[in-house]
Amino acid sequence: MINWKAPLPEIAFAMLQHLLPQHLLSSIAHRMTRSRCPVISRPVIRLLVRKFNIDLGLAEDPVLEHYPTINAFFTRALRPDARPIDPSPDTWVSPADGVISECGSINGDSLLQAKGQTFSLLTLLGGDEQLAAQYADGSFTTIYLSPRDYHRLHMPLAGSLSSMSHIPGKLFSVNQATANTIPSLFARNERVIACFDTEAGPMALILVGAIFVGSIETVWHGEVTPPTRSDIRHWFYQGEECLQLGKGEEMGRFNMGSTIIVLFGKDRATLDEGLQAGSPVRMGKRLGKVQGIS
């Protein structure tokens, strides 16, 4: 499926991705980025720093030679003062560095993917009608992380972990060109859904995989993908298993770049004026206000 109204270069890029062995290439990238051979890792890390103009001054460890693998560099920690967390109790913050792809209201079951394109909330959530009902007519924010961005993911709001699901799928690129061209992109790609109970009601964080992003991790489970499976998996947490994470605490990470989607229920969260598709964001930056927290 392709949006034939998109520009010709974007259509060509999308068609190429349909032909590529996405999971095989991502598996190769997974192995390469974890190679401890300095002949492989160090030249690639130096190239990435130059190509994407990465500011190592923000890293907790700014010495390139201290990173044993490409993945260790991609998922590097930042200095504690590099990303201050907005302290206001009634605000929610960006879970990641990146750019807002789209944001706004969920119209019943419909979310905006790109101009003129929508996709299904129910499909995004793996067909779970009970879960989808919690976010119908709510709000969403989709944030794209490029290879130059900080790749750890953090809590937009303090919450208690209630469930996690792994939804198998494709591994299309998730950049803007692909979002413009491939319908229901985020509901077709492999993804991990982490659900939290917060003072503002339910909150879901959807970590979307992409080509060469063969690894999604959470702090409570470790690596969720790979291996790629054909069945949907669910984990439910009760009692002492309900991990409590504060606003701004790390909850997961990507290898290379990908996309995270934040969902809130109806009338539970607003987005600050001026934030829209294309707005750059930084982890910990205030994105809006939430209801139900005094």
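Higher on the page you've got the structure.
Residues numbered from 1 in each chain as written. Predicted model: local features only at pLDDT ≥ 70, side-chain atom pairs only at ≥ 80, totals over all residues. Heavy atoms only, no water.

### Some thoughts on the overall build of the chain
Summing up its helical and strand segments, the chain has eight helices and 18 strands in all. Across the 294 residues in the chain, those meeting the buried criterion constitute 53%. Here the analysis covers contacts within the chain between residues at least 6 apart in sequence; of these, 76% occur between residues at least 24 apart. Total accessible area computed for the chain in this model is approximately 13200 Å², and 55% of it derives from carbon and sulfur atoms. (Helix = DSSP H or I, 4+ residues; strand = E, 2+ residues; numbered from the N terminus. Buried < 20%, exposed > 50% of the residue type's maximum accessible area, 1.4 Å probe, protein only. Contact = heavy atoms within 4.5 Å. Areas by Shrake-Rupley, 256 points an atom, 1.4 Å probe, with all protein chains shown as cover.)

### Comments concerning the packing of aromatic side chains
One pair of aromatic rings is described through two measures. These are the centre distance and the angle between the planes. A complete count under the given rule lists four aromatic pairs for this structure. Taken together, a centroid distance of 5.3 Å and an interplanar angle of 65° make the contact between W92 and F264 edge-to-face. Remark: F264 occurs in strand β15 (residues 259-264) and W92 occurs in strand β1 (residues 91-93); sequence separation between them is 172 residues. On the numbers, 6.0 Å between centres and 85° between planes, the contact of F196 with W220 is edge-to-face. Remark: W220 occurs in the loop between β10 (216-218) and β11 (222-225) and F196 occurs in strand β8 (residues 191-198); sequence separation between them is 24 residues. (Phe/Tyr/Trp six-rings, centres within 6.5 Å; stacked < 30°, edge-to-face > 60°.)

### Observations concerning the pattern of salt bridges
For the coordinates displayed, the defined rule picks out seven salt bridges. Between R79 and D81 there is a salt bridge, with its nearest N and O atoms 2.9 Å apart. Since its relative accessible area comes to 31%, R79 is described here as partly exposed. What you see here is one network of salt bridges that share partners, running through R152, E250 and R253. (Salt bridge = Lys/Arg side-chain N within 4 Å of Asp/Glu carboxyl O.)

### Considering helix α3 (residues 38-51)
Its 14 residues place the ends of α3 19 Å apart at the C-alpha level, agreeing with the 20 Å of an ideal helix rising 1.5 Å per residue. Those residues of α3 lying buried are S41, I45, L48 and V49. Down the axis of α3, the smallest arc covering the buried residues is 100°, so these residues share one side. Exposed residues pointing more than 90 degrees away from the buried face of α3 are listed as V39, R50 and K51. Buried positions along α3 lie against α4 (70-74). (Expected span 1.5 Å × (residues − 1). Arc of directions from axis to C-beta.)

### Concerning the sheet that holds strand β16 (residues 269-271)
Taken in spatial order, the three strands make up an open sheet running β1-β18-β16, and their pairing is antiparallel. Every interior strand has two partners, whereas the edge strands, β1 and β16, have only one. Within this sheet the neighbouring strands show an average axis-to-axis angle of 35°, counted without direction. (Pairing = 2+ DSSP bridges. Axes fitted to C-alpha atoms, helices over the stretch in contact; angles between N-to-C directions.)

### Considerations on the nonpolar core
Counting residues in each nonpolar core, the largest one holds 34 residues, and the members touching the most others are L205 and L207. Those residues in contact with L205, other than ones at most four positions away along the chain, are M155, P156, V192, I193, A194, F196, M251, I260, I261 and V262. Membership of the second largest hydrophobic core comes to 26 residues, among which are I106, A187, I206 and A210. (Core = buried A, V, L, I, M, F, W, Y, C linked by side-chain atoms within 4.5 Å.)

### Observations concerning the pairing of strand β2 (residues 98-105)
Direction of pairing for β2 relative to strand β17 (residues 280-281): antiparallel, over a ladder of two bridges. Its bridge partner being in β17, V99 is matched across the sheet by P280. Pairing between β2 and strand β5 (residues 139-144): six bridges, direction antiparallel. Residue C103 lies in a different strand from β5, and its bridge partner there is T141.

### Digging into the environment of G239
Tracing the backbone shows G239 in the loop between β12 (233-236) and β13 (244-245). Since its relative accessible area comes to 61%, G239 is described here as exposed. Separated by 77 residues in the primary sequence, G239 and S162 have C-alpha atoms spaced 9.6 Å apart.

### Looking at the sheet that holds β10
A sheet is described by the order of its strands in space; here four strands give the open sequence β6-β14-β10-β11, paired in antiparallel fashion. Of all strands in the sheet, those bounded by a partner on one side alone are β6 (152-154) and β11. Strand-to-strand twist across the sheet, computed as the mean angle between neighbouring axes with direction ignored, equals 30°.

### Notes on unusual backbone geometry
Of note in the backbone geometry, D137 takes a positive phi value of approximately 65° without being a glycine. For D137, the position within the fold is in the loop between α6 (129-135) and β5. A positive phi angle, near 60°, is found at D267, a position not held by glycine. As for its placement among the helices and strands, D267 is situated in the loop between β15 and β16. We classify D267 as exposed; its relative accessible area is 62%.

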